[in-house]
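Examining the three-dimensional arrangement
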Amino acid sequence: MFNFYKTSYFFLVIFSNLSAEVILNTSNFSNDLDGWVPWVSRTYVDPNLPSSSNYYGQMQVGYGPGNQGSRLVTYNRSSAWTGNYIDKAVTRMRMNFFNDSPYDTVFLRVAISDGASPQIEGSNWWISKTPVEYAPSSGWSFASFDINEASMKRGGVINGQPGFLSFADTLTNIQTVRILSSVLGGSGVGDQFYGVVGLDDIQLISVAIPEPNTALFNRAIALVFLLVVLRKFSFPHSKGE
Ligand SMILES: [Ca+2]
């Protein structure tokens, strides 16, 4: 019996120190675009289904005149999606995505920066090293991108030289988040593309950092638990058994 309590105590201490994931923000397009611009439109007409009442962000890439909207990229500069990613303890982004292009493959990546756009000299860009591929005419599926130094690489800017801030320093002042398709992932610009794609349930995810009081409380509970167990063990026959 004592081994059972001892084991329970062991796991209680271990799990009280583990951090769970927390969803900081979700864009599900139920009410508006939630800051995703410039070529995203809200729609509920899902090309993969006869009809749908679930709004998502649709991009008709390459349908616009000239160079307008010819690249598969959307960005967000709203406060919910930017700021100090160190303080927010951001660990990853994930999203639901489909590619209804008849012939173009999507090489989906995320890019984060302390600048407003990749046209700004001296801005620091970090882009997913590994894309999540969506073959032509592929339906909804989730893609997850880790936001850490091992999973992201430095990106270039269009005019001049990019900045020289470290990954960690850039994270303290994120001004723009981009979702793009890029075969090489060399910048946050995005490749030219033709076809309809959809985005939904875009989430910014962090690890929960326990408040100091919470951590202390967990340890106090564990200590009380141990004392109760030890007392039981010390006086196993106190009830005259
Ligand atoms: Ca939705």
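Please refer to the structure placed before this passage.
The present account deals with the structure reproduced in this document. Bear in mind the structure is a predicted one, so any value in this text is a computation, not a measurement.

As a further point, take the overall build of the chain. Of regular secondary structure, the chain possesses three helices and twelve strands. In the chain, which comprises 241 residues, the proportion classed as buried is 31%. Long-range pairs, those at least 24 residues apart, make up 80% of the contacts in the chain with a sequence separation of at least 6.

So, on to the nonpolar core. Grouped together as the largest cluster of nonpolar side chains are 42 residues, with contacts concentrated most on Leu72, Phe97, Val110, Ala111, Ile112 and Val197. Secondary-structure elements contributing two or more residues to this core are β3 (56–61), β4 (73–76), β5 (90–99), β6 (106–113), β7 (125–128), β11 (176–181) and β12 (195–207). Here this core takes six residues from β6, the largest share from any one element. Apart from residues lying up to four places away in sequence, phenylalanine 97 is in contact with Leu108, Tyr134, Ser141, Ala143, Val197, Gly198 and Leu199.

It is generally the case that most residues other than glycine have a negative phi and that most peptide bonds are trans. Cis geometry marks the peptide bond from valine 37 to proline 38, where omega comes out at 0°. You can see proline 38 is positioned in the loop between β1 (21–27) and β2 (40–43). Even without glycine at this site, phenylalanine 29 takes up a positive phi of about 60°. Positionally, phenylalanine 29 belongs in the loop between β1 and β2. Residue phenylalanine 29 is classed as buried on the basis of its 23 C-beta neighbours within 10 Å. Backbone geometry at alanine 89 places phi at a positive 55°, although glycine is not the residue there. Inspection of the secondary structure puts alanine 89 in the loop between β4 and β5.

With that settled, consider the pairing of β6. Most of β6 is tucked away: eight of the eight residues are buried. In this structure, β6 lies alongside strand β8 (residues 132–134), joined through three bridges in antiparallel fashion. Within β8, the residue paired with phenylalanine 107 across the bridge is glutamate 133. With six bridges connecting them, β6 and β11 associate as antiparallel partners. Of the residues in β11, the one forming a bridge with alanine 111 is arginine 178.

Bringing the pairing of β4 into the picture now. Neither face of β4 is left uncovered, since the one carrying Val73 and Tyr75 and the one carrying Thr74 and Asn76 both have all their residues buried. As defined by bridge partners, β4 adjoins β11 across four bridges and the pair is classed as antiparallel. Considered in β11, the bridge of tyrosine 75 is made with arginine 178.

Tracing the sequence through the fold places glutamate 21 in strand β1. Placed 69 residues apart in sequence, glutamate 21 and valine 90 show a C-alpha to C-alpha distance of 9.6 Å.

Bringing the environment of glutamine 192 into the picture now. You can see glutamine 192 is positioned in the loop between β11 and β12. Glutamine 192 gets classed as partly exposed once you count the C-beta atoms within 10 Å, which come to 13. Expressed as a C-alpha distance, the spacing of glutamine 192 and serine 70, which sit 122 residues apart in the sequence, is 5.4 Å. In this structure, glutamine 192 is in contact with Ser70 and Arg71, ignoring residues within four places of it in sequence.

With that settled, the discussion passes to the environment of aspartate 32. Within the secondary structure layout, aspartate 32 lies in the loop between β1 and β2. Accessibility expressed as a C-beta count within 10 Å gives 10 for aspartate 32, which makes it exposed. Here the alpha-carbon distance between aspartate 32 and glycine 57, two residues 25 residues apart in the chain, equals 9.2 Å.

Parameters at a glance
Residues numbered from 1 in each chain as written. Predicted model: local features only at pLDDT ≥ 70, side-chain atom pairs only at ≥ 80, totals over all residues. Helix = DSSP H or I, 4+ residues; strand = E, 2+ residues; numbered from the N terminus. Buried ≥ 20, exposed ≤ 12 C-beta atoms within 10 Å, placed from the backbone. Contact = placed C-beta atoms within 7 Å. Core = buried A, V, L, I, M, F, W, Y, C linked by C-beta atoms within 7 Å. Pairing = 2+ DSSP bridges.

Geometric values such as these leave the question of function open.
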